[in-house]
Amino acid sequence: MNESRSIRVIIADDQELVRAGFAMVIGSQPDMEVVGQAPDGAQAVALAESLHPDVVLMDVRMPSMDGIEATSRITSLSVGRSSADSASLAADATVSAESADDRPTRVIILTTFDLDEYVMAAINAGASGFLLKDTEPETLLNSIRTVFQGNAIIAPSATKRLIEKMMQDGYAQHGSLGGETTHSGAVYGSAGGVSGGAAGNGAGSMTGFPSPAGAASDGSNTSRPAYTDPELDLLTDREREVLVEIAHGLSNQEIADKLFISLPTVKTHVAHILAKINARDRVQAVVFAYDNGLV
């Protein structure tokens, strides 16, 4: 093993051909290795417990135990193992083999378009990413590296469907981020978190949504939450602007272009936002924005 340790990946999917395809793509990379494959959620949990992988690619629908339950169990396992400071874990993608077990296992949910209703359950279970199975190989590989470094990723179409579902169901059903402390409670995905997929293709702004909090209202928006999290008051006006664009599914570069600010400035704003609202990653930031009526 080289001094630069490979990213250790487990693939969980009940279709053997799907596992083989992902394994071929991942195995072609010099910085990655597939250390295990599982045909169901229960075996994925067992492998994660014994092998301590860095990333698990997790299908949703599987026999014995589905991917959502398996994700919840794997992220809970990681809490018990991880005692190191999470900020240092996210800072560098190369760690020594001796410290490998201190890094929490992160899960990327892989699904198809007709399974996008599971995105909220995946987030609540502690998933660090949500991608569609037809994503480009390069996007998948970049997503694995992004999640390994402690950031979060979500497919543009999944972002859009998440937003639409939250608008249909109402904010209250999704709860606040205050209860999302069953995992590490750390601020992962601080500066370089990816929204809209690792390739940076954001979903773009959506129309027909209620105006941002504090804007004039004609009284038609009866779904506006009467209560907002106190953390919302900690954000500056610019940070609120950035948070709204994160909720719209824009990547860091797209936010920089839209707000006419530099990419490093956007990354700094994202880091401050996640820290102030106590969010694990950008996916939770989206939930926070909708819970508090920012979009």
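In what follows, the accompanying structure is described. Note that the coordinates shown come from a computational prediction; the quantities given were computed from them, not determined experimentally.

## Quick word on the overall build of the chain
And step 1. For the chain, the helix and strand inventory stands at eleven helices and six strands.
And step 2. Burial statistics for the chain: of 295 residues in total, 50% are counted as buried.
And step 3. A separation of at least 24 residues holds for 74% of the contacts in the chain among residues at least 6 apart in sequence.
And step 4. For the chain, the accessible area works out to roughly 12400 Å², and carbon and sulfur atoms hold 51% of it.

## A word on the environment of Thr-268
And step 1. Tracing the sequence through the fold places Thr-268 in helix 10 (residues 263–276).
And step 2. It is 9.7 Å that separates the C-alpha atoms of Thr-268 and Glu-239, two residues lying 29 residues apart in sequence.

## What to know about the environment of Leu-259
And step 1. Structurally, the position occupied by Leu-259 is in helix 9 (residues 252–259).
And step 2. According to the relative accessible area criterion, Leu-259 is buried, its value standing at 13%.
And step 3. Considered as a pair, Leu-259 and Val-242 are 17 residues apart in the sequence and their alpha carbons are 8.3 Å apart.
And step 4. Discounting residues that sit within four places of it in the chain, Leu-259 has contacts with Arg-238, Glu-241 and Val-242.

## A few points about the sheet that holds strand 3 (residues 55–59)
And step 1. Pairing is parallel across the open sheet formed by six strands, whose spatial order is 2-1-3-4-5-6. Two strands lie at the open edges of the sheet, namely strand 2 (32–38) and strand 6 (153–154), each paired on one side alone.
And step 2. On top of the sheet, helix 1 (residues 16–27) reaches strand 1 (7–12), strand 2, strand 3 and strand 4 (106–111); it is set at about 165° to strand 2, its chief contact.

## Some thoughts on the nonpolar core
And step 1. Membership of the largest hydrophobic core comes to 27 residues, with the highest contact counts inside it found for Met-58, Ile-74 and Ile-109.
And step 2. Among the elements of the structure, strand 1, helix 2 (41–51), strand 3, helix 3 (67–81), strand 4, helix 5 (119–125) and helix 11 (282–291) are those that each provide at least two residues to this core.
And step 3. Here this core gets five residues from one element, more than from any other, and that element is helix 5.
And step 4. When near neighbours in sequence (up to four residues on either side) are disregarded, Ile-74 contacts Ala-44, Val-45, Ala-48, Val-56, Met-58, Thr-105 and Val-107.

## Side note on the pattern of salt bridges
And step 1. Within this structure, the stated rule accounts for nine salt bridges.
And step 2. Arg-5 is paired through a salt bridge with Asp-54; the nearest N and O atoms lie 2.9 Å apart. Of this pair, Arg-5 sits in the segment before strand 1 while Asp-54 sits in the loop between helix 2 and strand 3, and the two are 49 residues apart along the sequence.
And step 3. With a relative accessible area of 7%, Arg-5 lands in the buried category.
And step 4. As a salt-bridge pair, Lys-133 and Asp-13 come within 2.8 Å of each other at their nearest N and O atoms. Note that Lys-133 is positioned in the loop between strand 5 (129–132) and helix 6 (137–148) and Asp-13 in the loop between strand 1 and helix 1, a separation of 120 residues in sequence.
And step 5. Relative accessible area serves as the criterion here: at 22%, Lys-133 is assigned to the partly exposed category.

Calculation criteria
Residues numbered from 1 in each chain as written. Predicted model: local features only at pLDDT ≥ 70, side-chain atom pairs only at ≥ 80, totals over all residues. Heavy atoms only, no water. Helix = DSSP H or I, 4+ residues; strand = E, 2+ residues; numbered from the N terminus. Buried < 20%, exposed > 50% of the residue type's maximum accessible area, 1.4 Å probe, protein only. Contact = heavy atoms within 4.5 Å. Areas by Shrake-Rupley, 256 points an atom, 1.4 Å probe, with all protein chains shown as cover. Pairing = 2+ DSSP bridges. Axes fitted to C-alpha atoms, helices over the stretch in contact; angles between N-to-C directions. Core = buried A, V, L, I, M, F, W, Y, C linked by side-chain atoms within 4.5 Å. Salt bridge = Lys/Arg side-chain N within 4 Å of Asp/Glu carboxyl O.

Such coordinate-based values are descriptive only and should not be taken to indicate function.
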